[in-house]
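# Topology and contacts: notes
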Amino acid sequence: MKRLDLVRHIEANGCAFLREGGRHTVYFNPTSRKVSTIPRHREINDFMAKKICRELEIAEPGKEKKLDQGEQSDAADSR
């Protein structure tokens, strides 16, 4: 997974940038009061991305897309 995609996912789920470390960026989830670090690599392993999302107590990147597609089809059915 691209690092930028993971950062967008994390920010879309309500997490905020906290600070820059030496080789990592630190994000904070204000609702659960959890903190996690994201390495500064262009590519982040999918297992690492899932671990970061679990640490921040947000939805994993792949699961959110499936929910969005289901919501769109429900909206189309109700018209």
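The preceding data block contains the structure.
Only a predicted model underlies this, so the values are computations on that prediction, with no experimental measurement involved.

About the thresholds
Residues numbered from 1 in each chain as written. Predicted model: local features only at pLDDT ≥ 70, side-chain atom pairs only at ≥ 80, totals over all residues. Heavy atoms only, no water. Disulfide = S-S within 2.5 Å. Helix = DSSP H or I, 4+ residues; strand = E, 2+ residues; numbered from the N terminus. Buried < 20%, exposed > 50% of the residue type's maximum accessible area, 1.4 Å probe, protein only. Contact = heavy atoms within 4.5 Å.

## A few points about the state of the cysteines
A covalent bond between the sulfur atoms of two cysteines is what we call a disulfide. Under the defined criterion, the tally for this structure stands at 0 disulfides. Here Cys15 stays unpaired: no disulfide links it, and the sulfur of Cys53, its closest cysteine neighbor, is 8.1 Å away.

## With respect to the environment of Ile10
By the element assignment, Ile10 lies in helix H1 (residues 3-12). Residue Ile10 is classed as buried on the basis of its relative accessible area of 0%. On a C-alpha basis, the gap between Ile10 and Glu60 in space is 9.3 Å, while along the polypeptide they are 50 residues apart. Leaving out residues up to four positions away in the same chain, Ile10 has contacts with Cys15, Tyr27, Ile38, Ile52, Leu56 and Ile58.

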